[in-house]
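# A closer look at the structure
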Amino acid sequence: MRVYLSSTVSDLEKYRSAVLARLRKLPLDVIAMEDYAAFDERPLEKCLADVASCDVYVGLFAFRYGYVPDIGPQNPDGRSITELEYRKAGEAGRKRLIFLVEDGASWPMGHVDALTDPAAPSATGIKRLRDELKKVHGIGWFTNPGDLAADVVSAVAADLQLPPGAIAPPRPVAEPPHPRKLVHDLLLLHAPRDREAAAQLASAVGVMWNVTTSATDLLSSTAQEMLALDRAVTASRTVGLLLSPPLTTILDENPDRTRRILDLARARTGHPLLGIVAPDSDTGTAISDAERWGITETLAESATRTLPNRLHAALLQTVGLQRPDHEIGLPVVVVAMTGTEAEDLLGTASGQVRDIIEGFGLPPESIRTRYGTTRADWKPFGAEGLTVAQVLESAVSGVNDPDLLLRGRKIRLQPYLFDDLLSYDLTHSLVFQDISRNGCLVVADELSLLHRDLNDAFRASPLYEGPQISLITLSPGDPAAGTPHELIREVLAERLHHPHHRFGNALDPLCEMNVASRRHLDRWLRASLPQTLDAYRNARPSADKARRLEEELGTRPSGAMARLVTEG
């Protein structure tokens, strides 16, 4: 059974959405203008053919007459496409179910033809059509989308004699969890031989804390295994290792693998790793082995405190009892030089790079002091300011504070190390592909992008053209400085074609460049972070995949189908 939904668009968009959502839950084929490439200016011939092929016509009418196609054989009287659809349904002998906005209803003035242009043909056209509809049909009146949807469904079901179960109201469906929601307080990594001890410890503190265990994550070596490890770590607030002789053997047998895994865990959680001495293990040896791998916080059972009690106290201090119910991890990558790389850039600066540095009037020593041992030590707004890590944490606190901005959720930054891209480590390839495709924040220092190695690594990475990357570049000086600022923009435009196109041509709100003040940065983050957070859930529809699926199934093109088939 086929139903055709007709109305004007801009004034009734919310009403159409509500009606379509309910109609498409029925065992029907619903045809609507949403399935056409253009809404108001849709092809007249196809619309009329679709009306004639339907069993029931549903017409929604407010106070706009709508788009009027050119006068021709199919429209000799210059009528609107909405009226032509209504009349075609009558000529084809189709049942017409008519719903009108009540005459005295509160309605936006911009959507009332009689007010926007009283002398126009559209003003008299909609009045004439509404008067005719009231005389010819039993009218269903509406003032809000919910009631209209219920009335339309009831009328259609009664006319098509659908079984009573077909129009039962849908059961509420719980919103699926966000893919990056933090669900564990502790991820406990252990050796396979310590599986029972890890399970007992998790059970002992399980009343208060959500603990998950893994006997395989410390063995991750391939790109696919590193992606699985990354997802396990980013779902947890902190990471611990159950220290024992079998675990030490695993850590020592492949130092590169161990270093890579532990660095990932430290970066994502933002906390030192917890070393937990397994029962019946020598405490002194376990602590010594842990220190060799940079694990400085160790917990061991004593005569006065049990191991579960020590772990509970550590989690109380590290994680805290006030955990948000909906805490979402947000990937962030900082593209900035270290102090050593800054020395290299300043020592080899020539041509345009030298002109930029000298033009901003920044003494070499003041530039060097902006950069530290790690990339997170970069001070984007001068040597006396905060580090980029502190700036981002402050901005996120401001976004987290007003509940309405994130709809009850809280952001937790989860850093991804640019060094993993700079080293071209293939084991991290799927990890960075994942965040660049699904949602990530990149904060880049424009001066650092003049460093050839950093620029090359960034351009070769998935972050450069990722479809869901939120990118901001911070300028080393005031844009009002004139010539040096214009010069750095020219250089970056040559080296970073894709971001420059997003910023300058596409006007992408998730791409901002040449930011020189913290206030500007905070304002942009406040607007962009909620959108970046939603990117993981709302993947972009893939038109190409939808078309291929339509060809395979032999179906009529559908907007709903495109929403189901997404990129990645």
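Along each chain, residue indices are assigned from 1 in the same order as the chain's sequence is written. Side-chain atom pairs in this predicted model are given and counted only at pLDDT of 80 or more, local residue features only at pLDDT of at least 70, and totals for whole chains, interfaces and linings cover all residues. Heavy atoms from the whole structure form the basis of all side-chain values; hydrogens and water molecules are not counted.

### Digging into the pattern of salt bridges
For clarity, the threshold we go by: The salt bridge definition used is simple: a Lys or Arg side-chain nitrogen within 4 Å of an Asp or Glu carboxyl oxygen. Here a helix means four or more residues in a row that DSSP labels H or I, a strand means two or more in a row labelled E, and each is numbered from the N terminus. In this scheme, a residue with accessible area under 20% of its type's maximum is buried, one over 50% is exposed, and one in between is partly exposed, where area comes from a 1.4 Å probe on protein chains only.
Inspection of the entire model under this criterion finds 29 salt bridges. The salt bridge involving Asp131 is made with Lys127; its shortest N-O contact spans 3.2 Å. On the criterion of helical spacing, the pair formed by Asp131 and Lys127 is a turn pair, its members being four residues apart in helix α5 (residues 121-136). Judged by its relative accessible area of 54%, Lys127 is exposed. We note a salt bridge from Arg259 to Asp256, for which the minimum N-O separation is 3.4 Å. Here the residue Arg259 and the residue Asp256 both occupy positions in helix α10 (residues 255-269), the gap between them amounting to three residues, near one helical turn. One continuous salt-bridge network, built from bridges that share partners, spans Arg79, Glu83, Arg87, Arg128 and Glu132.

### A word on the nonpolar core
As a reminder of what qualifies: Nonpolar core, defined: a set of buried Ala, Val, Leu, Ile, Met, Phe, Trp, Tyr and Cys residues in which side-chain atoms within 4.5 Å join the residues together. Should any heavy atoms of two residues lie within 4.5 Å, those residues are counted as being in contact.
Judged by nonpolar contacts, the single largest core of 88 residues is most densely connected at Leu241, Val333, Leu392, Val442, Phe458 and Leu463. Ignoring anything within four residues of it in the chain, the contact list for Leu392 reads Val332, Val334, Leu413, Leu441, Val443 and Leu525. Within the second largest apolar cluster, 29 residues are counted, among which are Tyr15, Leu26, Ala62 and Phe142.

### What about the pairing of strand β7 (residues 211-214)?
Applicable threshold: Between any two strands, pairing holds if DSSP finds at least two bridges. Seen with the strands pointing away from the viewer, any crossover whose path from the first strand over the helix to the second strand runs clockwise is right-handed.
One ladder, built from four bridges, connects strand β6 (residues 186-189) with β7; its direction is parallel. When the sheet's bridge partners are listed, Leu186 is paired in β7 with Val211. With helix α7 (residues 195-204) bridging β6 and its parallel neighbour β7, the resulting β-α-β unit is right-handed.

### A few points about the sheet that holds strand β4 (residues 95-101)
Condition: To get an axis, fit a line to the C-alpha atoms, keeping to the stretch in contact for a helix; angles then go from 0 to 180 degrees between the N-to-C directions.
Across the sheet, which stays open at both edges, the five strands sit in the order β2-β1-β3-β4-β5 with parallel pairing between neighbours. With partners counted over all chains shown, the strands left at the sheet margins are β2 (29-31) and β5 (140-142), one partner each. Sheet twist, expressed as the average angle between the axes of neighbouring strands with direction ignored, equals 20°. Two strands pair when backbone bridges link them, and strand β3 (residues 56-61) and β4 are joined in this way by six bridges, in the parallel orientation. Directly across from Leu60, in β4, lies its bridge partner Phe99.

### Here's the deal with the packing of helix α1 (residues 13-23) against helix α6 (residues 145-159)
We count it as follows: Every angle not falling under 35 degrees, over 145, or within 65 to 115 is termed oblique; those three ranges are roughly parallel, roughly antiparallel and roughly perpendicular. Crossings are assigned a handedness: left-handed for a near helix turned anticlockwise from the far helix by less than a right angle, right-handed for a clockwise turn. Polarity classes work like this: nonpolar for Ala, Val, Leu, Ile, Met, Phe, Trp, Tyr, Cys and Pro, charged for Asp, Glu, Lys and Arg, and polar for all others, with Gly in that last group.
In the contact formed by α1 and α6, the axes pass within 8 Å of each other and the chain directions differ by 40°. The angle between the axes of α1 and α6 places the two elements in the oblique class. Relative to α6, α1 is oriented so that their crossing is right-handed. Facing α1, whose interface residues are Lys14, Tyr15, Ala18, Val19, Arg22 and Leu23, α6 presents Pro145, Leu148, Ala149, Ala150, Val152, Val153 and Val156. Looking at the contact of α1 with α6 residue by residue, the class counts come to 11 nonpolar, no polar and two charged.

### With respect to the packing of aromatic side chains
Going by this rule: Whether two aromatic rings pair depends on their centres lying within 6.5 Å, for rings of Phe, Tyr and Trp, where Trp uses its six-membered ring; planes under 30 degrees apart make the pair stacked, over 60 edge-to-face, and the rest tilted.
All chains considered together, the criterion is met by seven aromatic pairs. Taken together, a centroid distance of 6.5 Å and an interplanar angle of 90° make the contact between Phe61 and Tyr86 edge-to-face. Taken as a pair, Phe61 in strand β3 and Tyr86 in helix α3 (residues 81-91) lie far apart in primary sequence, 25 residues in all. Note on Phe61: relative accessible area 3%, which makes it buried. With centroids separated by 6.1 Å and ring planes inclined at 75°, the aromatic side chains of Tyr416 and Phe432 adopt a geometry described as edge-to-face.

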